[in-house]
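# Analysis of the macromolecular model
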Amino acid sequence: MGRHWGPAMKVAEQVGCVVSASRSGQPEAGSWSCSGVILSRSPGLVLCHGGIFTPFLRAGSGALTAAGAAFLPGDSCCSDLRLHVQWGPTAASPAGRAERGRPGLCTPQCAGLEPGPPAGHHGRPLQPPHPAELLLLLSCPAFQAHFARLFGSEAAEQWRFASAAPDDEVSEDEEEDQLRALGWFALLRVKHGREEEADECRPAMAVAPLEAVPKGAPLLACGSPFGSFCPDIFLNTLSRGVLSNAAGPLLLTDARCLPGTEGGGVFAVRPGGELVALVAAPLCWKAREWVGLTLLCAAAPLLRAARVALGRLSPGAASLAALLPPEVGAPWGLPLRDSGPPWADAAVLVECGTVWGSGVVVAPRLVVTCRHVAPRETARVLVRPTTPKSAKIWGHVVFATQETSPYDIAVVSLEEELTGVHVPVPTKHFHEGEAVSVVGFGVFGWACGPSVTSGILSAVVQVDDTAVMLQTTCAVHGGSSGGPLFSACSGDLLGIVASNTRDNNTGATYPHLNFSIPITVLQPALQQYSRTGDMGGLRELDHAAEPVRVVWRLQRPLAEALQSKL
């Protein structure tokens, strides 16, 4: 990772932990585990996901959906609940110093499904599991409200947030429990056998205010895949991505997370290490297809809810509220707010009848999208720019390639100019391996505005030394057709998203393998049309050479494509 990831990595590894729950005296009943974030070390306070507590609730998981339930006290769970928290060595501790000075690789020693002892001499050093008590279960009401708006009613039938894959055996009761607990988290107090002086020297952690981190900003997720299973191998595994989208405190990132990372922290890279959110659901499935995004709950409103709940529990619990990490600006005063990359505003939503997709502004009154989004010349289309969100501009399709053309392109002329939109600079060169971003209206359409996903330019396919196809590892979903592909470094426009990949035998979609039309193929024709109104260059796209058609031969015919799908 680059040098600018260093501060976030340090904080993430210092405050990451794993939490396990079991029944006293019943080892045969097994254990439940998830990731967590250490909020304070003296006394020890940990925030983790609430899903592992559903088997212990006296009133069952229905208590989480009861009217007005914003938090539940610790005694809402059975008295035989036993909790343990485990974390890695601190930089100031003897184990941390030994690890930092040890050359070479260490030999992992699997700890098993149960909370195990610290690794041996050749394994990754760990602190022994510490017993803990449940102070309260809490939810963020605003998160729950946005979740119901985006995923409720008819949309709920298409979405799945269980940790298992759609074809795995999961009982309806287990799936219902997971869904009810999705937006719930738990505040724990760690019972130290003795106070560890070295741990008290650890730097405090700050919390990013809600909406302070813009779409496209880099994030670092820290969690323990598979929970307490083999912590010497999986504890505090890091994954980087960007903030893909946001609806109030409900956030999405394309950082790759796995089951067991629920409750893990997600941190801002700039200015360095502020806690942005906690993982709510590490895997999201839609219509039995993996979306490749992780659902998050913003940390700032969650900790505000924790302060309110602690104040209502007891005078002793209320004193703990002052120990929760503060938001940036009190007392840090760091300039975290960022307007985000200006090129992201160039993405627009394009509606043509019942079909919708994405597009990109290439001139104040010109938008490029895909033919399967706006297939008919002279058809009227509605364009919704990103800013201002309430704006709607009508236009008409002045050109669309023929269905036999390998280039799936349509050009829309607007009836009025798009003001205040940054028109991206088209690139002249491509560099395999460079960091890239896709901006489009996949997943949620207009409900949250465009999503941003990150990856690399994995391949540049050429014919006669001319780029004719781009491949990326960005997560691309239905509704992203026609959206822009940008260089994350320069902000230059690289291409137009045309499709992702589907296995015709299994029906599975692979969002991280997708194809874009290079902007260098289109730019001369677009410039000619913008200056003179001559569509001769655009018409040439219908007469691509046979080698180009061979490259794009895997595209499905339009008749087989679903509406608002790639």
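Since this is a predicted model, take the numbers as computed values, not measurements.

Here we take up the overall build of the protein. Helix and strand content of the protein: eleven helices and 28 strands. Taken across its 566 residues, the protein has 54% of its residues classed as buried. Restricting to contacts in the protein with at least 6 residues of sequence separation, those with at least 24 account for 68%. Within the structure as shown, the protein displays about 23,700 Å² of accessible surface, and the carbon and sulfur contribution to it stands at 53%.

What follows is about helix H7 (residues 299-313). Note on helix geometry: an α-helix contains 3.6 residues per turn, so any two residues three or four positions apart are oriented the same way. Under the 1.5 Å per step criterion, the end-to-end length of H7 is 21 Å for 15 residues, consistent within 8% with the ideal 21 Å. Buried within H7 we find Ala299, Ala300, Pro301, Leu302, Leu303, Ala306, Ala309 and Leu310.

Moving on to the packing of aromatic side chains. Tallying each qualifying case throughout the model produces six aromatic pairs. Geometrically, the ring pair formed by phenylalanine 143 and phenylalanine 147 is stacked, given 6.3 Å between the ring centres and 15 degrees between the ring planes. Of this pair, phenylalanine 143 and phenylalanine 147 are both found in helix H3 (residues 141-151), four residues apart, which corresponds to roughly one turn of the helix. Pairing phenylalanine 441 with tryptophan 446 gives two aromatic rings, centres 5.6 Å apart and planes at 25 degrees, and the pair type is stacked. Across this residue pair, the class does not change: phenylalanine 441 and tryptophan 446 are buried. Taken together, Phe143, Phe147 and Phe151 form an aromatic cluster joined through their ring pairs.

For the rest of this paragraph, the subject is H3. Those residues of H3 that sit buried are Phe143, Phe147, Leu150 and Phe151. All buried residues of H3 fall inside an arc of 75 degrees around its axis, so they share one side. Lining the buried residues of H3 we find strand S7 (159-160), helix H4 (172-180), strand S10 (237-247), strand S11 (250-253), strand S13 (275-281) and strand S16 (294-298).

Let us look at empty space enclosed by the protein. Take a probe with the size of a water molecule and roll it over the atoms, and the empty space left behind shows itself. Scanning all chains against the criterion turns up three cavities of 30 Å³ or more. If you list the elements that add at least two residues to the lining of the largest cavity, you get strand S23 (435-440) and strand S24 (451-463). In the lining of the largest cavity, the residues fall into five nonpolar, six polar and no charged.

Below, the discussion takes up the side chain of aspartate 542. Here aspartate 542 lies in the loop between helix H10 (536-539) and helix H11 (546-551). Polar contacts involving the side chain of aspartate 542 include one to the main-chain amide nitrogen of glutamine 402, which spans 2.8 Å.

Below, the discussion takes up the environment of proline 209. With respect to the secondary-structure elements, proline 209 resides in the loop between helix H5 (197-200) and strand S9 (218-223). Note on proline 209: relative accessible area 17%, which makes it buried. Sequence separation of proline 209 and alanine 299 is 90 residues, and the distance between their C-alpha atoms is 8.2 Å.

The next thing to look at is the sheet that holds S16. Pairing is antiparallel in the closed barrel, where six strands are placed in the order S9-S10-S11-S16-S13-S12. Strand-to-strand twist of the sheet, defined as the mean angle between neighbouring strand axes without regard to direction, takes the value 40 degrees. For strand S12 (residues 265-268) and S13, the ladder comprises three bridges, and the chain directions are antiparallel. Pairing of valine 266 across the sheet is with alanine 277, part of S13. Together, S13 and S16 form the strand contacts of H7, whose direction differs from that of S16 by roughly 45 degrees.

Applying the stated criterion across every chain yields a total of six salt bridges. Between glutamate 133 and arginine 189 there is a salt bridge, with its nearest N and O atoms 3.0 Å apart. Of this pair, glutamate 133 sits in strand S6 (residues 130-139) while arginine 189 sits in strand S8 (residues 184-190), and the two are 56 residues apart along the sequence. By relative accessible area, glutamate 133 is classed as partly exposed at 29%. We classify arginine 189 as partly exposed; its relative accessible area is 28%.

Before going further, it helps to examine the pairing of S9. Of all six residues making up S9, six are buried, and the element is well covered by its neighbours. Residue alternation in S9 divides its side chains into two sets, Pro218, Leu220 and Cys222 and Leu219, Ala221 and Gly223, and both sets are buried. Bridging between S9 and S10 involves six bridges; their strand directions are antiparallel. Bridge assignment links leucine 220 to a residue of S10, and that residue is arginine 240. Of the pairings in the sheet, the one linking S9 to S12 comprises four bridges and is antiparallel in character. Bridging from a neighbouring strand, alanine 221 pairs with valine 266 of S12.

Here strand S26 (residues 484-487) shows a buried face lined by Pro484 and Phe486 and a second buried face lined by Leu485 and Ser487. Examined bridge by bridge, S23 and S26 share three bridges and lie antiparallel to one another. Residue pairing across strands places serine 437 opposite phenylalanine 486, the latter belonging to S26.

Glancing now at the nonpolar core. Of all hydrophobic cores here, the largest spans 81 residues; its most connected members are Phe53, Leu188 and Leu295. Of all hydrophobic cores here, the second largest spans 36 residues; its members include Val452, Ile517, Leu541 and Ala544.

About the cut-offs
- Residues numbered from 1 in each chain as written.
- Predicted model: local features only at pLDDT ≥ 70, side-chain atom pairs only at ≥ 80, totals over all residues.
- Heavy atoms only, no water.
- Helix = DSSP H or I, 4+ residues; strand = E, 2+ residues; numbered from the N terminus.
- Buried < 20%, exposed > 50% of the residue type's maximum accessible area, 1.4 Å probe, protein only.
- Contact = heavy atoms within 4.5 Å.
- Areas by Shrake-Rupley, 256 points an atom, 1.4 Å probe, with all protein chains shown as cover.
- Expected span 1.5 Å × (residues − 1).
- Phe/Tyr/Trp six-rings, centres within 6.5 Å; stacked < 30°, edge-to-face > 60°.
- Arc of directions from axis to C-beta.
- 1 Å grid on protein atoms, 1.4 Å probe; cavity = no way out; pocket = protein on both sides within 12 Å on 5 of 7 lines; lining within 4 Å.
- Points joined across faces, edges and corners; volume = space filled by probe spheres on them.
- Nonpolar A, V, L, I, M, F, W, Y, C, P; charged D, E, K, R; others polar.
- Polar contact = N/O pair within 3.5 Å; in protein donor to acceptor, adjacent residues only side chain to side chain.
- Pairing = 2+ DSSP bridges.
- Axes fitted to C-alpha atoms, helices over the stretch in contact; angles between N-to-C directions.
- Salt bridge = Lys/Arg side-chain N within 4 Å of Asp/Glu carboxyl O.
- Core = buried A, V, L, I, M, F, W, Y, C linked by side-chain atoms within 4.5 Å.

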